[in-house]
Amino acid sequence: MPVFLHTSALASMAHETVFIPWLEKAAAQAPTSGRVTAILVPHRADAYYLKSLALARRIGLWNLRFLTPSDLRDHLAEHLPPAAKSPLREHSRLLLATAAERLANSLTTESAASVAAAPDQLLKAIDMIGQAGWDFSSAGPRHLQPIVAEFRRLLAAAGFQMSHDTDRATLVAARHAEPLFRELFVIGFHALHWPLWPLLEAAVRLAETSVVCLTEPRMEAGDLDAAWVGTWEDTFEPAQPIPADPPSSPLSEALQLPDSPVTRFQREAAPTNEVAFLVGLDTAEHARAIATRALQYLADRKCDRLGILFPSAGALSRRVAALLAEAGVAHDDGLAYQSPGPLEKDTAWEAWLTLQENPRAPVLLRYVRSRGETPLAGLKADDACYELERAFQELLIDDLGVLAEFLARHPREQSRALAAALHTLPLLPERATLGEFIQRTHEIFEASAWTERAAALQHFARDWNQSRDLLISRRTWLRWLQETLVSWQARRAEKGSHPYSRVHLLPYAQADSQAWTHLIVAGLNEGQWPPPFDEAGFLGEDEIAALNRQVRTLNTRASVQGSQGEGHVTVQAGRALCLGPVEKRTIVERQFFNTLESTTLAITATMQLHDEAAPERPLNPSEFFTRLHFCARGRAVSQQTLTNLHGETVRWHGTAAVLLVPISEPAAAQQTRIAFDARRVASYPFGEYEFALRGAPPRPLRLAATSWETALAAPTQIFLSAVLGVSATNTEEETPWTLAHGSWVHRWLSVITGSIAPGTFAPLPPPAELQDRVRKAAESFHDRVAAALTARRRPMPDWWQSAWQQAWSTAMQLAVNISTVQGRTHAATEWKIGDTALPVEDDSLYVRGRIDLLLSTSEALQDVWLVDYKTGHRDPLTADDIAKGDGLQLGLYALALRATGAQEVGVSLLTSDIALDTPQVQLAQLEQLTDLWRGLLQMQKSGVFGMRGALRREFGISQDYPLATLPVDETILAQKWMMSHPHLAPEEEEA
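Given the structure is predicted, the values throughout are model-derived calculations rather than measurements.

Q: Whenever I open this one, the packing of helix α16 (residues 348–357) against helix α17 (residues 361–370) confuses me. Can you help?
A: Helix-helix packing is characterised by the crossing angle of the two axes and by the distance between the axes. Two elements in contact, α16 and α17, have axes whose closest approach is 9 Å; the angle formed by their N-to-C orientations is 155°. Considering the angle they form, α16 stands roughly antiparallel to α17. For the crossing formed where α16 meets α17, the hand is left-handed. Across from A348, E350, A351, W352, T354 and L355 in α16, the residues of α17 making contact are V363, L364, R366, Y367 and S370. By residue class, the composition of the contact of α16 with α17 is 7 nonpolar, 2 polar and 2 charged.

Below, the structure is given as structure tokens:
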């Protein structure tokens, strides 16, 4: 088992000196060999790079396999089957959360509850300590050891084994197994791959001959790299330095920190042109600058390999890839972007998960709406939601069991049908065995016609055959479902699927083993690259600090003197170094500078000043950007420096004649721009882009009186709901206290006319009887709610009792005020007004609605007094209020009563502190508001509503919009309103 170790300053230096000669020899022998010849690399991008070197030299790759660590595990598992299967990450989280839940009551700290809620952070700690060859029971924080011990027990019972334990078992088996590889070439691995050490050693021991290329230690990660190289040497043979010089590059000096004030002054006076800096304002400008610089580099005949590096896949990398594709540049998009698959296209999935975790009325409404046309209790989805929402707003209690009992006691047949549906709603239990959860969930998926999701569940369920009796919580099960039943797919443009092109878009972590002529290091903002490695998750700061201290202790215990004597650092057999946040950051820094030094001609560093997600917060440069700028230009980076760099970027981009064909905006974006501009032209009335119809509707719009009143204050909302039929649903908001308070009072007062059908005049009862009817209605409602709670063994909530008491007090005070009215003998409640034509000039304005209370002098609709209940504080109504739109619905009701035969109509608002002594507004006053009625008529005929006022109020409640809407300056809106609705313009605006 000969093993040949080589070291070089950079991984790319080994390609020509070691890899190519080995490959030429191996490729000649591989076709006739009975065993596989393999090249083991950390990432797929490294494999493509090495293949491109072979293809450039016309070296055949027959019977040569390029393997990554995951490929290697699969290959070894075929020949050396492990005793236990390594679990998916999602399986491990389920078992760890279950272990924490089991111990939550017995442990004195809050750690168990935190781990149960978010197990991933502790799972990372288990991996970190286990990958280094230590047992958590002796090396981990003591207060977390019981949780990990229980997790280990559950893992073994399920037939699983952590991947690092599997790797060590494979290493033990490899020492006594026949070789699997004829020849093995290992390259690109460094100290960041300590967790893979047992797997790599096993692969080398399973080869007849192996060649391993390592990078020499450098200052940024000297101890970690020295231990990595020393362990290889102590395990196999001493390494031979590769006799090669670093790549000749004008960048070599510019990448070194100035070693004296004189050097710094020289670089400041004459900065190198080979290192450039671009600063974009936001992501769009940032991406445009990167794409322009990439095309500029590609125009250079010396540009053989251009790397564009990003911290991770995201908006910036996707936008750059799109710009390159649209410019016709073939490239290798090594980041791609995640596109939703068939399982993500069902909007009801997230709503179902939320409903199962939190079965409440608002969540059920969202789920029913997300199911589209799927009926519930024999009702259409919209009708079922209307009934459920009305019942919830009446009951105020969002518990589905209580709501079902409440509906079951309702006289309406539809309500009883909904109650039966709620009782049989397929909800998962709070706790159950894995087998029961799998079976119940599969039944729900099948009943919901989620066949693909059901098939995926059955596929993953096979992993749990040994643990179907394990008792777990619903929360843990739902999290597992959400994590496993996914179908996201990595996608890239057709132009981005060229791994052998000159342009490569890669994450930073995959670029240091390759050689580049030109390099763009993008996204060098603080917190993006280098990334934050110290996120604590739900573990407390004390736990994280203890783990970090333990990492240093374990690394000290694992390191020993190697066989080559003093200065030769190695790691004990069976151990590895723990890589905590500090160690990972150190290695990332070394990787970054190795990547820069692997570049021969030019480097551009980029960052941006703002993020669209939080434009008010400026972004800072990362320490890598700052250091690179100081090295190249001899100056530190200040805010003024960034401003200057952004100005330079804008000027450079404006003069760069690289993108000869401007990238066109999609048609949808162009149309959005047209609408955006049209809404901000103050010299034109409202048009088709401003919540207005292009032409008059074929038949006049017909609105409810309340909608007409809202149309004056928030015309946009009414246009969306009445004309387009869309509106925002506020069912996810907090419990509708105010709405329920008013609804209760109105319903209890509707019984003052006794059993007479609503909309019919009945003799006004004596004061005592009137008040008694209201009191009994309120108490009957209270008893019905109490019975529903009792059926569910729930006590009456104090908050509900208090809310009912307040509503009862308001209703009784209004009843007292009604009972003291003089000169009225008859009354009618809930008087319905169908679509009624109100004569306005030579046309008709249509209105409909429902009146709270009509007081009359007889059974006939002749002399009536229209009363509207208000449960809050209000001043008495005036004609001026109606002219401004406040109380407009009551004015419309009064005109509708006149149109249906009333001779005299008075209008009043009734509150607990306003007495009914005389009507507040008379019909004659309403008839004088001719401009108001003309304006409403014109709106009805034209379908032009427009926008008015602030989109979001700084104080008070603002209704949500059902679609994304940008604000427009209120001054512009006021001018457009006057031109579009001259009859409705306020007097001060007309002046």
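Having seen the structure, we can now continue with the description.
Q: In this structure, what is going on with the pairing of strand β18 (residues 599–608)? I would like to understand it.
A: Regular strands have side chains that alternate between both faces of the sheet. In terms of residue burial, β18 counts as a mostly covered element, since 9 of its 10 residues are buried. Across 6 bridges, the pairing between strand β7 (residues 275–280) and β18 is parallel. Across the sheet, V279 pairs through a bridge with M607, a residue of β18. For strand β15 (residues 516–521) and β18, the ladder comprises 5 bridges, and the chain directions are parallel. Note on β18: the bridge partner recorded for V521 is A605.

Q: Help me understand the pairing of strand β3 (residues 64–67) in this model?
A: As paired elements, strand β2 (residues 36–40) and β3 share 4 bridges and run parallel to each other. Of the residues in β3, the one forming a bridge with A38 is R65. Taken together, β2, helix α2 (residues 44–56) and β3 form a β-α-β motif whose crossover is right-handed.

Q: Quick question: what am I supposed to make of the pattern of salt bridges here?
A: Pairing between side chains becomes possible if they bear opposite charge and their charged atoms approach one another. Within this structure, the stated rule accounts for 47 salt bridges. Of the charged contacts, one joins E208 and R35 as a salt bridge, the two residues approaching to 2.4 Å between their closest N and O atoms. Taken as a pair, E208 in strand β5 (residues 207–215) and R35 in the loop between α1 (13–29) and β2 lie far apart in primary sequence, 173 residues in all. We classify R35 as partly exposed; its relative accessible area is 30%. In this structure, E483 engages R93 in a salt bridge whose closest nitrogen and oxygen atoms are separated by 3.3 Å. Taken as a pair, E483 in helix α23 (residues 474–484) and R93 in helix α4 (residues 89–103) lie far apart in primary sequence, 390 residues in all. Looking at E483, the relative accessible area reads 24%, which means it is partly exposed. Within the structure, one salt-bridge network assembled from shared partners comprises R89, R93, D120, K124, D127 and E483.

Q: I tried to follow the nonpolar core on my own but got confused; where do I start?
A: Side chains of nonpolar character tend, in soluble globular proteins, to be buried together. Formed by 117 residues in total, the largest nonpolar core has its most connected members in L95, L122, W352, W477, L481, W744 and W748. Among the elements that take part in this core, helix α33 (residues 798–819) stands out by supplying 9 residues, more than any other. Built from parts of two domains, this core gets at least three residues from each of domain 2 (89–151) and domain 4 (347–485). With sequence-adjacent residues up to four places away left out, L481 is seen in contact with W349, W352, L353, T441 and L457. Judged by nonpolar contacts, the second largest core, of 58 residues, contains F719, M939, L973 and W977.

Q: It is not clear to me how the packing of helix α6 (residues 120–131) against helix α8 (residues 145–157) should be interpreted in this structure. Could you clarify?
A: In contact at an axis separation of 12 Å, α6 and α8 are set at 80° when each is read in the N-to-C sense. Classed by the angle they form, the pair α6 and α8 counts as roughly perpendicular. Between α6, through L122, L123 and I126, and α8, the contact on the second element is made entirely by I147, V148 and F151. Along the lines of polarity and charge, the residues of the contact of α6 with α8 split into 6 nonpolar, no polar and no charged.

Q: What am I meant to see in the sheet that holds strand β6 (residues 240–241) here?
A: Within a sheet, adjacent strands bond to each other through the backbone by hydrogen bonds, running parallel or antiparallel. Here 6 strands make up an open sheet; going across it, the order is β3-β2-β4-β5-β1-β6 and the pairing parallel. Looking at which strands have only one partner, the edges of the open sheet turn out to be β3 and β6. α1 contacts β1 (3–8), β2, β3, β4 (181–187) and β5 of the sheet and is inclined by roughly 165° relative to β4. The sheet contacts of α2 involve β2, β3 and β4, and relative to β3 the element is tilted by about 145°.

Q: Can you walk me through the packing of aromatic side chains in this structure?
A: How two aromatic rings sit relative to each other is set out by the distance from centre to centre and by the angle between their planes. With the rule as written, the count across this model stands at 37 aromatic pairs. Ring centres 5.2 Å apart and planes at 70° place the aromatic pair F19 and F185 in the edge-to-face group. Highlighted residues: F19 in helix α1 and F185 in strand β4, separated in sequence by 166 residues. With respect to burial, F19 and F185 carry one shared label: buried. Ring centres of W349 and W352 lie 5.5 Å apart, and the angle between their planes is 10°; on these two criteria the pair is classed as stacked. Placement of the pair is W349 and W352 together in helix α16, with a separation of 3 residues, close to one helical turn. We note that W349, like W352, is buried. Above the plane of the ring of F676 lies R680, whose end atom (NZ or CZ) is 3.7 Å from the centre.

Q: Could you clarify how one ought to interpret unusual backbone geometry in this entry?
A: Trans is the common state for peptide bonds, and a negative phi is the common state for residues other than glycine. With an omega dihedral of 0°, the bond running from W529 to P530 counts as a cis peptide bond. On the secondary structure map, P530 appears in the loop between β15 and α24 (541–558). The phi torsion at E841 lies on the positive side, around 55°, for a residue other than glycine. Considering the arrangement of structural elements, one finds E841 in the loop between β21 (826–840) and β22 (843–856). Accessibility expressed as a relative area gives 56% for E841, which makes it exposed.

Basis of the calculations
- Residues numbered from 1 in each chain as written.
- Predicted model: local features only at pLDDT ≥ 70, side-chain atom pairs only at ≥ 80, totals over all residues.
- Heavy atoms only, no water.
- Axes fitted to C-alpha atoms, helices over the stretch in contact; angles between N-to-C directions.
- Helix = DSSP H or I, 4+ residues; strand = E, 2+ residues; numbered from the N terminus.
- Parallel < 35°, antiparallel > 145°, perpendicular 65-115°, else oblique.
- Left-handed = near helix turned anticlockwise from the far one by under 90°.
- Contact = heavy atoms within 4.5 Å.
- Nonpolar A, V, L, I, M, F, W, Y, C, P; charged D, E, K, R; others polar.
- Buried < 20%, exposed > 50% of the residue type's maximum accessible area, 1.4 Å probe, protein only.
- Pairing = 2+ DSSP bridges.
- Right-handed = clockwise from strand over helix to strand, strands pointing away.
- Salt bridge = Lys/Arg side-chain N within 4 Å of Asp/Glu carboxyl O.
- Core = buried A, V, L, I, M, F, W, Y, C linked by side-chain atoms within 4.5 Å.
- Domains from an automatic or database assignment.
- Phe/Tyr/Trp six-rings, centres within 6.5 Å; stacked < 30°, edge-to-face > 60°.
- Lys NZ or Arg CZ within 6 Å of the ring centre and 35° of its normal.

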